[in-house]
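Take a look at the letters that make up each chain.
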Amino acid sequence: MKLSLIGGYKLKLYEHESKRIFEQGGIPIPKQYGVVHSVDEVNDLNLEFPVMAKAAVLTGGRGKAGGVKKLTSLEEAKEFTAKLLKLRIKEHPVEMVFFEEAVEEQGSCYIGVTTDPKSFNIVLIASASGGVDIEEIARTQPDAIIRKEIPNNALILQYTIKEEVMSELSQQLHLSPEQKEELSLIVDKIYRIFQNTDAKLCEINPVIITQDSVVAADAKIVLDDNGLYRQSKLLEDLGITSRRHDIAEPTNNEKKAYKLKYPYIDLLDPNIEKENEYLYVGLVPGGAGYGIFSIDEVVKIGKEFFNNKVVPINFMDSGGGPSQNKVANMFHLLMDYPITDVIITSRFGGISSCDVFIRGLIQALRDRYRNKQRIIPIYGRMVGTDLPSAKNFLEKAKIETPKALEMMEIVVGNEKIMADIIKEGIKKGFEVKKEVFS
Ligand code: GDP
Ligand code: MN
């Protein structure tokens, strides 16, 4: 299995996925009934009540937001599922509902393993105040948090460190020796899972302590994208085939881009209502650095000259040496996207060829013209590798298919700096937009 990897990102697992990993690693979890995408599917789960139903979204705080409920009948389960599927939790639309056995709670606590961004050490975090927002506890009652740094990235949690944590915890929670022993095993196992999965975070909040056992009632695993190359088995077991967005599911544009194997990030919620007096600028830059520069520059020029009414809509990177088809697809993606008013592009041919770039761009415009698809103004510059042949091709193309290329203006060479190109592109974008609306 291949995943397109962009450095520094994380892959969040859903609770039911995290629980599968926990279960495989020997951590006790409640009986799992499964996940549904619609009310009808609830019938097929053979629920034995009481059950817990939870919104399956990649964010915490579901309990507070009304996304978690104990249910006692099929009727109630369907009703709550219908309600959840209409809910948004911190911007995440609920598209799945997850069902598991409800466990009888005597007490609860928090157990987590993560890394300290300052020391790069692994840290084991525990608290007898389980079930609630741990960041909130850390802020308001820092003493309620037990925190131990693990030196040297030890593969197995040292006994002494674990014992320190366990004795504090069991005192505060009044655990029986059996409960303490079970919780202690969970601490060992979550640490091992953290190491084995190259995780950024493994967390159980809450661990529920029942009369005769200790159970992970919630589960959260965040994987490190940089470690995914070692986790193909895990990803395959869970059926994860594409990268996940940092805060939510990928947008449609992002999914398309991942399929075509180039980094792309939407900067706006694709469902926003466009405002007429604003100009929405799509960016096809020549490289990631250029991409970031372009975003900043569009905002800056918008502030200085256009009354702050200019919005960059995406980050994109072609990677070194994209094919002509890939370049064409990058332009198609932004022209298919109804939010885009104008595209600003740049090819600074170092590794990549200006010739391939201009052929890709012109291919996209000709295809769209032929197929009567939407064409928007494209403004940009190319300079660098293969410029002479690129220039030739461009000049010929303009004579051959003037109508298809009417909206495109590409400056050849570097007599203009990119900041000026961006400014002119924005101006042109506004002019075209005005024509449409007047
Ligand atoms: P979160 O709010 O997104 O972290 O979702 P959780 O899965 O932690 O659920 C919220 C709260 O519901 C938890 O903190 C518990 O208090 C409670 N809860 C979850 N599962 C169970 C369960 O099986 N039994 C009981 N009694 N309470 C549960
Ligand atoms: Mn929780």
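The rules behind the values
Residues numbered from 1 in each chain as written. Chains lettered and ligands numbered in written order. Predicted model: local features only at pLDDT ≥ 70, side-chain atom pairs only at ≥ 80, totals over all residues. Heavy atoms only, no water. Donors = N, O, S within 2.8 Å, 3.2 Å for Na, K, Ca; no water. Helix = DSSP H or I, 4+ residues; strand = E, 2+ residues; numbered from the N terminus. Buried < 20%, exposed > 50% of the residue type's maximum accessible area, 1.4 Å probe, protein only. Arc of directions from axis to C-beta. Contact = heavy atoms within 4.5 Å. Phe/Tyr/Trp six-rings, centres within 6.5 Å; stacked < 30°, edge-to-face > 60°. Lys NZ or Arg CZ within 6 Å of the ring centre and 35° of its normal. Near = heavy atom within 4 Å. Polar contact = N/O pair within 3.5 Å; in protein donor to acceptor, adjacent residues only side chain to side chain. Nonpolar A, V, L, I, M, F, W, Y, C, P; charged D, E, K, R; others polar. Core = buried A, V, L, I, M, F, W, Y, C linked by side-chain atoms within 4.5 Å.

Draft legend 1. Focus on the coordination of the manganese ion (ligand 2). In the first shell of the manganese ion (ligand 2), the protein supplies Asn205 (O) and Asp218 (OD), at 2.2 Å from the metal. With Asn205 in strand S11 (residues 199–209) and Asp218 in the loop between strand S12 (214–216) and strand S13 (220–224), the pair connects residues that are 13 residues apart, well separated along the chain. Take Asn205 and Asp218: they sit in the same class, and that class is buried.

Draft legend 2. Helix H2 (residues 74–84), seen in detail. Ala77, Phe80, Thr81 and Leu84 are the residues of H2 that are buried. With its buried residues spanning 105° around the axis, H2 presents them on a single face. Those residues of H2 that are exposed and angled more than 90 degrees off the buried face are Glu75, Glu79 and Lys83. Elements in contact with the buried residues of H2: strand S2 (32–36), strand S3 (51–55), strand S4 (68–71) and strand S7 (97–101).

Draft legend 3. Here's a closer look at the packing of aromatic side chains. Following the criterion strictly, the structure yields three aromatic pairs and no others. Residues Tyr290 and Phe293 carry aromatic rings whose centres are separated by 5.9 Å and whose planes lie at 85° to one another, so their mutual orientation is edge-to-face. Placement of both Tyr290 and Phe293 in helix H8 (residues 288–305) is noted, with a separation of three residues, approximately one turn of the helix. A relative accessible area of 32% places Phe293 in the partly exposed class. Residue placement shows Lys423 over the ring face of Phe305; its charged tip is 3.8 Å from the ring centre.

Draft legend 4. Examining the site of ligand 1 more closely. Of all residues adjacent to ligand 1, which total 18 residues, the nearest are Lys54, Arg62, Gly63, Val103 and Asp218. Note that an oxygen atom of ligand 1 is positioned 2.6 Å from one of the side-chain N or O atoms of Lys54. Here Val103 contributes a backbone N or O atom positioned 2.8 Å from a nitrogen atom of ligand 1. Grouping the amino acids of the shell around ligand 1 by side-chain chemistry returns seven nonpolar, five polar and six charged.

Draft legend 5. Structural view of the nonpolar core. The biggest cluster of nonpolar side chains holds 45 residues, and the ones touching the most others in it are Phe22, Ile111, Leu169, Leu183 and Ile221. Take this core: its biggest share by element is seven residues, from helix H5 (residues 177–196). Counting 39 residues, the second-largest nonpolar core is a separate cluster that includes Tyr280, Val311, Val327 and Tyr337.

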